[in-house]
Amino acid sequence: MVIDIAIVSLAISGVLATYRVLRGPTWGDRVTAFDYLTVNLAVMVVVAALRTGFTSLLDAALIISILGFMSTVALARYLLRGRVMR
Amino acid sequence: MTRGVRWARFASCALAAATGTLARAAAPARAASALDGHPVAQVLILLGCVFLLAAAVGLVRFPDVYTRLHAATKLVTLGGLGIFGGAGIAFYPVDGTPRVLLIAGLFFLTAPLSGYMIARSAYLRGLPWYQEHGSVDDWGALGIESQGSAEER
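Figured I'd write up the structure that's included with this text. Note that the coordinates shown come from a computational prediction; the quantities given were computed from them, not determined experimentally.

1. What about the overall build of chain A?
Regarding its fold elements, chain A presents 3 helices and 0 strands. The N-to-C order of helical and strand elements in chain A reads α-α-α. A globule of 86 residues ought to have a C-alpha radius of gyration of about 12 Å, yet chain A, at 15 Å, is considerably larger. Here chain A, with 86 residues, has 42% of them falling under the buried criterion. Here the analysis covers contacts within chain A between residues at least 6 apart in sequence; of these, 42% occur between residues at least 24 apart.

2. Quick notes on the overall build of chain B
In terms of helices and strands, chain B carries 6 helices and 0 strands. The buried share among the 153 residues of chain B stands at 31%. Considering only contacts within chain B whose residues lie at least 6 apart along the sequence, 58% involve residues at least 24 apart.

3. A look at the interface of chain A and chain B
Contact with chain A, which involves 41 residues of that partner, is made by 45 residues of chain B. Of all the secondary-structure elements, those providing two or more residues to the side of chain A that touches chain B are α1 (2–23), α2 (27–52) and α3 (57–81) of chain A. Taken together, the residues of the side of chain A that touches chain B sort by class into 25 nonpolar, 10 polar and 6 charged.

4. A word on the packing of helix α2 (residues 39–61) of chain B against helix α3 (residues 65–90) of chain B
All names here are of chain B. With their axes 7 Å apart at the nearest point, α2 and α3 run at an angle of 160 degrees to one another. Compared by their axis directions, α2 and α3 come out roughly antiparallel. Handedness of the crossing formed by α2 with α3: left-handed.

5. Quick word on the environment of R77(A)
Mapping R77(A) onto the fold places it in helix α3. Separated by 65 residues in sequence, R77(A) and I12(A) have C-alpha atoms that sit 30 Å apart.

6. Some thoughts on α3(B)
For α3(B), with 26 residues, the first-to-last C-alpha span of 36 Å sits near the 38 Å given by 1.5 Å per residue. In α3(B), a bend of some 30 degrees at V76(B) exceeds every other bend along the element.

7. Quick word on the environment of A60(A)
Residue and element names in this part refer to chain A. Summarising the element assignment, A60 is placed in helix α3. Using a count of 16 C-beta atoms within 10 Å as the deciding quantity, one classes A60 as partly exposed. Put simply, A60 and V46 are 14 residues apart on the chain and 8.7 Å apart in space, counted from C-alpha to C-alpha.

8. Thoughts on the nonpolar core
Grouped together as the largest cluster of nonpolar side chains are 56 residues, with contacts concentrated most on Y36(A), V43(A), V46(A), L50(A), A55(B) and L59(B). Those elements that provide at least two residues to this core are α1, α2 and α3 of chain A together with α2, α3 and α4 (97–124) of chain B. Sort the elements by how many residues they give to this core and α2(A) lands first, with 14 residues. Dropping the residues within four chain positions of it, A55(B) is found in contact with Y36(A), A71(B), A72(B), L75(B), V76(B) and G79(B).

9. Some points on α1(A)
All names here are of chain A. For α1, spanning 22 residues, the distance from its first C-alpha to its last is 32 Å, which sits close to the expected 32 Å at 1.5 Å a residue. Turning to α1, its buried residues number three or more, namely V2, I3, A6, L10, S13, L16, A17 and R20. Considered in projection along α1, the buried side chains sweep an arc of 150 degrees and stay on one side of the axis. Exposed residues lying more than 90 degrees from the buried face of α1 are V8, A11, V15, L22 and R23.

10. As for the packing of α2(A) against α3(A)
Residue and element names in this part refer to chain A. Between α2 and α3, the least distance of the axes is 8 Å, while the angle of their chain directions is 175 degrees. Classified by the angle their axes make, α2 and α3 are roughly antiparallel. Between α2, through W27, V31, F34, D35, T38, V39, L41, A42, V45, V46, A48 and A49, and α3, the contact on the second element is made entirely by L57, L58, A60, A61, I64, S65, G68, T72, L75, A76 and L79. Of the residues assigned to the contact of α2 with α3, the class counts are 18 nonpolar, 4 polar and 1 charged.

Criteria and cut-off values
Residues numbered from 1 in each chain as written. Chains lettered and ligands numbered in written order. Predicted model: local features only at pLDDT ≥ 70, side-chain atom pairs only at ≥ 80, totals over all residues. Helix = DSSP H or I, 4+ residues; strand = E, 2+ residues; numbered from the N terminus. Rg over C-alpha atoms; globule rule 2.2 N^0.38 Å. Buried ≥ 20, exposed ≤ 12 C-beta atoms within 10 Å, placed from the backbone. Contact = placed C-beta atoms within 7 Å. Nonpolar A, V, L, I, M, F, W, Y, C, P; charged D, E, K, R; others polar. Axes fitted to C-alpha atoms, helices over the stretch in contact; angles between N-to-C directions. Parallel < 35°, antiparallel > 145°, perpendicular 65-115°, else oblique. Left-handed = near helix turned anticlockwise from the far one by under 90°. Expected span 1.5 Å × (residues − 1). Bend = angle between axes of the 7 residues up to and from the residue. Core = buried A, V, L, I, M, F, W, Y, C linked by C-beta atoms within 7 Å. Arc of directions from axis to C-beta.

Dropping the structure here:
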């Protein structure tokens with residue numbers, strides 16, 4: 001019951017963040033909503049691991065979390081300077 | 001039989017079929033998940049989902065980049081920590097707990113940092129902010145100039 005409520009609310013929040021990614025007036029809104037979407041995806045994978053009992057999915061959640069953080073930092077640095085690293 | 005009556009019968013049959021499919025799909029959802037018998041984990045996961053949903057609503061409703069960052073950084077940190085903590089409690093007898101705690105620690109370190117990076121580059125590139133109810137520009141008071149404000153607006 002709790003896990004179903006969690007899945008539905010995470011899906012609704014993903015749809016709302018996708019609206020902000022598509023609509024966002026500036027690139028800052030898009031990057032913010034993209035960061036939120038990666039976090040939402042990692043949380044959804046953890047909830048799927050809870051639902052099915054496959055603890056191997058937690059590795060996928062770890063990788064998704066790290067990749068989301070690194071891509072957000074790379075996007076922010078690129079949009080600030082025009083390059084990612086010196 | 002008129003067209004309206006036929007459409008009404010078709011709609012009622014489709015509705016009955018859809019609800020029957022939904023009921024049959026929801027029937028195996030009562031299977032045991034890892035969350036049964038952990039009320040603390042259930043409460044934590046519900047709180048985390050409420051915070052994530054509030055963050056998404058704030059992401060849609062707030063007026064500019066910085067307020068949306070406020071919603072998407074603080075609420076997401078707290079909500080993700082709640083969900084990961086609940087999962088760590090729920091996985092406790094099995095071998096999932098150290099990995100979930102690793103994800104939670106990493107997430108608690110990186111989520112505010114990515115929000116800070118986005119806010120810094122947005123300010124330094126001169127994205128406009130919402131000024132109807134007054135605003136405080138601390139970095140401008142420190143003398144840090146934003147670049148390229150003319151062409152970005």
